[in-house]
Amino acid sequence: MARECPTNSILRHLDQTELDDLLSRCPRKHFAKGNHIVHYQDQDSNLYIIESGRVRVTIFSPEGKEVSFVDLKAGQNFGEFSAIDNKPRSANVIALADCEILIISPDVFMSLVTSNPSVCREVLQQLTAVVRRLCDRIFEYSTLDVTKRVRLELLRLARDNLDY
């Protein structure tokens, strides 16, 4: 049975043969709600694509305060930083619901990016979006008072959760 990629996946432009070949080389793993998928500072360099479920990318302060970066849904991916630079994980990823995750090794990921311009473009656009989001946050924290930052965050949360 042929599998289709969600329209938000970095793999969405692969033809069915390319997708089938990739899927044959990549394991899947189930994660129950609440389980850590990756831990901050792990040495693992795999790229993960969410096939079903939702996850939260987060980090905890030494005092235990959670700082959430983003919630991701089916079709989206995480782990591209470590897959690209082979450095330790920059955050935790925790399952918000039961998840099925496709695991792509760094070698397979880099081969895919270098041999497929559409995947490369998708990854570059994602990385650019992260940098833009961080630039916006730096600007907001540097220039806006707490009340305005809270309003902006509530608007972001509402916008990001419109399709759930």
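Remember, it's a predicted structure, so these values are computed and weren't measured experimentally. (Residues numbered from 1 in each chain as written. Predicted model: local features only at pLDDT ≥ 70, side-chain atom pairs only at ≥ 80, totals over all residues. Heavy atoms only, no water.)

### Some words on the overall build of the chain
Then, number 1: Check the secondary structure of the chain and you find five helices and eight strands.
Then, number 2: For the chain, the sequential pattern of α-helices and β-strands runs α-β-β-β-β-β-β-α-β-β-α-α-α.
Then, number 3: For a compact globule of 164 residues, the expected C-alpha radius of gyration is about 15 Å, and the chain comes in at 17 Å, within 12% of that figure.
Then, number 4: In terms of principal-axis extent, the alpha carbons of the chain reach across some 50 × 30 × 30 Å.
Then, number 5: Counting all 164 residues of the chain, 32% fall into the buried class. (Helix = DSSP H or I, 4+ residues; strand = E, 2+ residues; numbered from the N terminus. Rg over C-alpha atoms; globule rule 2.2 N^0.38 Å. Buried < 20%, exposed > 50% of the residue type's maximum accessible area, 1.4 Å probe, protein only.)

### Quick look at the pattern of salt bridges
Then, number 1: Overall, the coordinates contain eight salt bridges when judged by the stated rule.
Then, number 2: Residue Arg89 is joined to Asp44 by a salt bridge in which the shortest nitrogen-to-oxygen separation is 2.9 Å. Of this pair, Arg89 sits in the loop between helix 2 (80–85) and strand 7 (92–95) while Asp44 is found in the loop between strand 2 (36–38) and strand 3 (47–52), placing the two residues 45 residues apart along the sequence.
Then, number 3: Take Asp44: its relative accessible area is 22%, and that puts it in the partly exposed class.
Then, number 4: Among the ionic pairs, Arg56 bridges to Asp71, the shortest N-O distance being 2.7 Å. With Arg56 in strand 4 (residues 54–60) and Asp71 in strand 5 (residues 66–73), this pair connects stretches of sequence that are 15 residues apart.
Then, number 5: On the basis of relative accessibility, which here comes to 25%, the residue Arg56 falls in the partly exposed class.
Then, number 6: Connected through salt bridges with shared partners, the residues Arg137, Glu140, Glu153 and Arg156 form a single ionic network. (Salt bridge = Lys/Arg side-chain N within 4 Å of Asp/Glu carboxyl O.)

### Section: unusual backbone geometry
Then, number 1: Within the chain, Gln41 stands out as a residue other than glycine whose phi angle is a positive 75°.
Then, number 2: Mapping Gln41 onto the fold places it in the loop between strand 2 and strand 3.
Then, number 3: For Gln41, a relative accessible area of 42% translates into the label partly exposed.
Then, number 4: Of note in this structure, Asn86 is not a glycine but carries a positive phi near 55°.
Then, number 5: You can see Asn86 is positioned in the loop between helix 2 and strand 7.
Then, number 6: Residue Asn86 is classed as exposed on the basis of its relative accessible area of 56%.

### Points about the packing of aromatic side chains
Then, number 1: Inspection of the entire model under this criterion finds one aromatic pair.
Then, number 2: The interplanar angle of 10° and the centroid separation of 5.1 Å between the aromatic rings of Tyr48 and Phe78 together place this pair among those described as stacked. One end of the pair, Tyr48, is in strand 3; the other, Phe78, is in strand 6 (residues 77–78), with 30 residues separating them in the sequence. (Phe/Tyr/Trp six-rings, centres within 6.5 Å; stacked < 30°, edge-to-face > 60°.)

### Describing a nonpolar patch on the surface
Then, number 1: Together, Val146, Val150, Leu154 and Leu157 make up an exposed nonpolar region whose accessible area comes to about 360 Å².
Then, number 2: Mapped onto the fold, Val146 is located in helix 5 (residues 146–160). (Patch = residues over 30% accessible without salt bridge, like charges linked within 9 Å, V, L, I, M, F, W, Y side chains within 5 Å. Areas by Shrake-Rupley, 256 points an atom, 1.4 Å probe, with all protein chains shown as cover.)

### Digging into the sheet that holds strand 7
Then, number 1: Ordered by their spatial adjacency, four strands build an open sheet running 2-7-4-5, and the pairing between neighbours is antiparallel. The open sheet has two free edges, formed respectively by strand 2 and strand 5, since each of these has just one partner strand. For this sheet, the mean inter-axis angle between neighbouring strands, taken without regard to orientation, is 30°.
Then, number 2: Pairing analysis gives seven bridges linking strand 4 to strand 5, with the strands arranged antiparallel. Its bridge partner being in strand 5, Val55 is matched across the sheet by Leu72. (Pairing = 2+ DSSP bridges. Axes fitted to C-alpha atoms, helices over the stretch in contact; angles between N-to-C directions.)

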